[in-house]
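# Report on the structure
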Amino acid sequence: MITAELVKQLREKTGAGMMDCKKVLTETNGDEEKAIELLRERGIAKAAKKSDRIAAEGLVTTYVTADQKVGAVVEVNAETDFVAKNEEFRNFVADIAKQVAEKNPATVEELLAQTSMTETDKTVQDVLTNKIATIGENMSIRRFERFESNDLVESYIHGDGKIGVLVEIENGNSELAKDICMQIAAAKPEYLDRDSVPSDRVAHEMEILKAQAVNEGKPEAVAEKIVQGRINKFYGEICLVEQDFVKDPDQTVGKLVESKGAKIVKFARFEKGEGLQKREENFAEEVAKQMGN
């Protein structure tokens with residue numbers, strides 16, 4: 001029996017897709033060495049050899065259906081910024097965003113196992129593997145968000161694919177939604193409103209603010225009041241509806257949306273490579289390696 005653990009182990013060793021790993025393990029009755037040989041024979045190992053390279057560059061893009069009821073934002077990573085300008089890569093990322101919007105996968109793993117909308121004889125994983133082999137860099141579909149609404153979904157791309165934003169809004173129009181998208185891209189809110197902020201995050205912040213006040217020499221009772229004032233500033237930085245609107249800092253985003261009779265339901269903001277460790281190149285070491293030293 002081919003267990004999930006066997007598939008996982010082979011995937012980690014070769015970098016090949018889950019479906020490819022399961023297929024060759026089935027064909028070889030679970031013999032890992034023979035399975036690895038099969039992957040190499042089929043050219044999948046060419047992509048797998050690149051799997052240990054850090055892919056922290058790439059592209060963020062969005063796709064919204066014509067009726068603006070469904071939208072998706074995706075991040076696909078590659079090793080170098082140069083690849084992000086490659087038309088074949090950019091088309092692939094655009095195809096992935098459309099696939100997410102229209103086929104509604106629950107996870108990246110489910111997305112990879114789906115039949116590709118652009119190459120219907122292949123899975124998305126197969127297409128990705130072929131792109132890695134032809135473009136010559138390790139690539140990975142890192143994450144995605146998908147919104148489906150009875151009202152309006154809008155998106156915005158900043159910096160030629162550096163930042164992608166997706167917003168769902170009720171009782172609003174595209175112009176307002178686009179302004180909100182640009183706000184999110186520029187001001188980096190973490191949450192929609194106060195109710196969305198985890199209680200432990202607030203408690204931790206209040207501890208820090210109280211310690212600051214005490215260290216400033218404020219008495220305990222005064223420190224408590226200072227904390228209450230400063231926590232409002234904290235919310236004003238991380239909560240979208242409490243941020244000053246970038247186009248008109250005299251009003252908050254929440255007041256702007258309220259004045260239009262609209263409501264922001266949710267948002268997603270992806271910034272290319274955020275949270276990924278980028279590879280630090282040592283030129284001298286690289287030259288020595290190539291010379292066999």
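In case you missed it, the structure is sitting above this.
A few points on the structure. (Residues numbered from 1 in each chain as written. Predicted model: local features only at pLDDT ≥ 70, side-chain atom pairs only at ≥ 80, totals over all residues. Heavy atoms only, no water.)

## Quick look at the overall build of the protein
For the protein, the count of helices and strands is 12 helices and eight strands. Each principal axis of the C-alpha atoms in the protein carries an extent, and together these give about 70 × 50 × 40 Å. Here the protein holds 293 residues, and 43% of them are scored as buried. Once local pairs closer than 6 in sequence are excluded, the contacts in the protein between residues at least 24 apart make up 61%. Carbon and sulfur atoms make up 47% of the accessible area of the protein, which amounts to about 16,100 Å² in all. Between the averaged position of the 42 positive side-chain charges in the protein and that of its 55 negative side-chain charges there is a distance of 2 Å. (Helix = DSSP H or I, 4+ residues; strand = E, 2+ residues; numbered from the N terminus. Buried < 20%, exposed > 50% of the residue type's maximum accessible area, 1.4 Å probe, protein only. Contact = heavy atoms within 4.5 Å. Areas by Shrake-Rupley, 256 points an atom, 1.4 Å probe, with all protein chains shown as cover. Lys, Arg positive; Asp, Glu negative; His and termini not counted. Charge placed at Lys NZ, Arg CZ, Asp CG, Glu CD.)

## Digging into the pairing of strand 5 (residues 163–170)
Buried residues dominate strand 5, accounting for seven of its eight residues. Judged from the seven bridges that link them, strand 4 (residues 152–158) and strand 5 form a sheet pairing that is antiparallel. For S155, the partnering residue across the bridge sits in strand 5 and is L166. Joining the antiparallel neighbours strand 4 and strand 5 is a turn of four residues, in which G159 adopts a positive phi near 65 degrees. (Pairing = 2+ DSSP bridges.)

## Some details on helix 8 (residues 174–187)
Taking 1.5 Å as the rise per residue, helix 8 with 14 residues should run 20 Å; its terminal C-alpha atoms sit 20 Å apart, in good agreement. For helix 8, the full list of buried residues reads L176, A177, D179, I180, C181, Q183, I184 and A185. Summarising the contacts, the buried residues of helix 8 are in contact with strand 4, strand 5, strand 6 (244–245), helix 11 (253–259) and strand 8 (263–271). Its side-chain oxygen placed 3.2 Å from the backbone nitrogen of E175, N173 serves as the N-cap of helix 8. After helix 8 finishes, the residue K188 shows a positive phi value of roughly 50 degrees. (Expected span 1.5 Å × (residues − 1). Polar contact = N/O pair within 3.5 Å; in protein donor to acceptor, adjacent residues only side chain to side chain.)

## A word on helix 9 (residues 199–215)
If you check helix 9, its first and last C-alpha atoms are 24 Å apart, about what 17 residues at 1.5 Å a residue would give, namely 24 Å. Listed as buried for helix 9 are V202, E205, L209 and A213. For helix 9, the angular spread of the buried residues around the axis is 80 degrees, confining them to a single face. What points out from helix 9, more than 90 degrees from its buried face, is the exposed set D200, E207 and N215. Positive phi shows up at G217, right after helix 9, with a value of about 90 degrees. (Arc of directions from axis to C-beta.)

## Remarks on the pairing of strand 2 (residues 70–78)
Taken across its nine residues, strand 2 has nine buried, putting it largely inside the fold. From the end of strand 1 (residues 57–64) to the start of strand 2, which pair antiparallel, there are five residues, and Q68 there has a positive phi angle of about 60 degrees. Two strands pair when backbone bridges link them, and strand 2 and strand 3 (residues 139–148) are joined in this way by nine bridges, in the antiparallel orientation. Each bridged residue has a counterpart across the sheet, and for V74 the counterpart in strand 3 is F144.

## So, the sheet that holds strand 4
The strand order across the open sheet formed by three strands is 4-5-8, and the pairing between neighbours is antiparallel. A single partner strand is all that each edge strand has here, and the edge strands are strand 4 and strand 8. Sheet twist, expressed as the mean angle between neighbouring strand axes with direction ignored, is 15 degrees. Helix-sheet contacts for helix 8 involve strand 4, strand 5 and strand 8, and the interaxial angle to strand 4 is about 45 degrees. (Axes fitted to C-alpha atoms, helices over the stretch in contact; angles between N-to-C directions.)

Coordinates in, geometry out; function isn't part of it.
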